[in-house]
Amino acid sequence: MTDTNLSSRATFGWVRPVGWGLAVAMILLPFLAMQVAPESGVDWTGGDFLFAAIVIGGVGMAFELAVRISSNWSYRAGAAVGLAAGFFLLWSNAAVGYIGDDNPYNMVFFLIVAFAFLGSIIAAFRAKGMAVVMLAAGVAHALAGAIGYPQDPITGPITLVFTGMWLTSAWLFRRAAQEAATGEATR
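The rules behind the values
Residues numbered from 1 in each chain as written. Predicted model: local features only at pLDDT ≥ 70, side-chain atom pairs only at ≥ 80, totals over all residues. Heavy atoms only, no water. Phe/Tyr/Trp six-rings, centres within 6.5 Å; stacked < 30°, edge-to-face > 60°. Helix = DSSP H or I, 4+ residues; strand = E, 2+ residues; numbered from the N terminus. Buried < 20%, exposed > 50% of the residue type's maximum accessible area, 1.4 Å probe, protein only. Lys NZ or Arg CZ within 6 Å of the ring centre and 35° of its normal. Patch = residues over 30% accessible without salt bridge, like charges linked within 9 Å, V, L, I, M, F, W, Y side chains within 5 Å. Areas by Shrake-Rupley, 256 points an atom, 1.4 Å probe, with all protein chains shown as cover. Salt bridge = Lys/Arg side-chain N within 4 Å of Asp/Glu carboxyl O. Core = buried A, V, L, I, M, F, W, Y, C linked by side-chain atoms within 4.5 Å. Contact = heavy atoms within 4.5 Å. Axes fitted to C-alpha atoms, helices over the stretch in contact; angles between N-to-C directions. Parallel < 35°, antiparallel > 145°, perpendicular 65-115°, else oblique. Left-handed = near helix turned anticlockwise from the far one by under 90°. Nonpolar A, V, L, I, M, F, W, Y, C, P; charged D, E, K, R; others polar. Polar contact = N/O pair within 3.5 Å; in protein donor to acceptor, adjacent residues only side chain to side chain. Expected span 1.5 Å × (residues − 1). Bend = angle between axes of the 7 residues up to and from the residue. Arc of directions from axis to C-beta.

Enquirer: Sorry, what's going on with the packing of aromatic side chains here?
Expert: What describes a pair of aromatic rings is the distance from one ring centre to the other and the angle between the planes of the rings. Considering all chains together, one arrives at 10 aromatic pairs under this definition. Look at Tyr98 and Phe162: their rings are 6.1 Å apart centre to centre, the planes differ by 50 degrees, and that puts the pair in the tilted class. Here Tyr98 is found in the loop between α4 (73-95) and α5 (107-122), whereas its partner Phe162 is found in helix α7 (residues 155-181), with 64 residues between them in sequence. Residue classification places Tyr98 among the buried positions, given a relative accessible area of 6%. Clustering of aromatic rings is evident, with ring pairs tying together Phe31, Trp44, Phe49, Phe51, Phe87, Phe88 and Trp91. The side chain of Arg76 reaches across the aromatic face of Trp73, ending 5.2 Å from its centre.

Structure follows, in structure tokens:
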């Protein structure tokens, strides 16, 4: 282990347990709300808790993988932003639907997350390929949001936010690939 790795672990050693602690808290918070304030409207089933554990745990494990794949901060930031986009899109679409509740068009937004996930695997998590995948996810999201806009105009600003997240992730991965090509950072 190099001195840089030791220094980094000493400086950021608290991040991992805090991150996983927040993940557990996000899963337990609805349970606590149901116990303490039943009138809050929170009414999760066992399936809801399982879904939350799988999605939140999956995002946490994916970010752990990204941190292990590359020490490049642009790569890590690109992974964080892309994972956040996928998480929030999946979460909000499952909770209330992107384009209204029970609209079959919402399936398109689940497919965008699936595309980003599978595309990342196909790109072998390499920065250059990840940039292309996140760019494609951003374009797909923009198109899907534009097509769905007439059905639910509130999705306009939401589409801009998600598209911006996907494109920011793409830019960060592109930057990581450029830094790797010039020898500034690894992978």
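Let us keep going from here.
Enquirer: Is there a simple way to think about a nonpolar patch on the surface in this case?
Expert: A cluster of nonpolar residues, Leu135, Val139, Leu143, Ile147 and Leu167, forms a patch on the protein surface that exposes about 450 Å² of accessible area. Per-element accounting of the nonpolar patch gives the leading share, 4 residues, to helix α6 (residues 127-148). Here Val139 lies in helix α6.

Enquirer: Quick question: what am I supposed to make of the nonpolar core here?
Expert: For soluble globular proteins, the rule of thumb is that nonpolar side chains tend to be buried together. Leu89, Phe109, Ile112, Met134, Trp166 and Phe173 are the most contacted members of the largest nonpolar core, which totals 27 residues. Elements with a contribution of two residues or more to this core: α4, α5, α6 and α7. Non-local contacts of Ile112, meaning those with residues more than four positions away in its chain, are made with Leu89, Ala137, Ala140, His141, Ala144 and Trp166. Counting 9 residues, the second-largest nonpolar core is a separate cluster that includes Phe49, Val55, Phe87 and Leu90.

Enquirer: When you look at the packing of α4 against α5 in this model, what are you seeing that I'm missing?
Expert: Relative placement of two packed helices is described by the angle separating their axes and the distance separating the axes. Between α4 and α5, whose axes approach to 10 Å, the crossing angle comes to 155 degrees. Judged by the angle between their axes, α4 and α5 are roughly antiparallel. Once α4 is placed against α5, the crossing between them reads as left-handed. Side by side, α4 and α5 meet where Gly86, Leu89, Leu90, Asn93 and Ala94 of the first sit next to Phe109, Phe110, Ile112 and Val113 of the second. Classifying every residue of the contact of α4 with α5 gives 7 nonpolar, 2 polar and no charged.

Enquirer: Help me out: how do you make sense of the side chain of Asn72 in this one?
Expert: Tracing the chain through its elements places Asn72 in the loop between α3 (46-69) and α4. According to the relative accessible area criterion, Asn72 is buried, its value standing at 2%. Within the local environment of Asn72, its side chain forms a polar contact with the backbone nitrogen of Ser74, the two atoms lying 2.7 Å apart.

Enquirer: When you look at helix α2 (residues 15-36) in this model, what are you seeing that I'm missing?
Expert: Three- or four-residue spacings in an α-helix give side chains the same orientation, since the helix completes a turn every 3.6 residues. Taking 1.5 Å per residue as the helical rise, α2 with its 22 residues ought to reach 32 Å, and the 29 Å between its terminal C-alpha atoms agrees with that figure. The principal kink in α2, of about 35 degrees, is found at Leu28, preceding the proline Pro30 by one to four residues. Burial in α2 covers these residues: Ala23, Ile27, Pro30 and Met34. Looking at the buried side of α2, the elements it contacts are α3.

Enquirer: Where do I start with α5 in this structure?
Expert: Taking 1.5 Å as the rise per residue, α5 with 16 residues should run 22 Å; its terminal C-alpha atoms sit 22 Å apart, in good agreement. For α5, the full list of buried residues reads Phe109, Ile112, Val113, Ala116, Gly119 and Ser120. Taken down its axis, α5 places every buried residue within 130 degrees of arc, on the same side. Opposite the buried face of α5, at more than 90 degrees from it, the exposed residues are Leu111, Phe117 and Ile122. Buried residues along α5 sit in contact with α4, α6 and α7.

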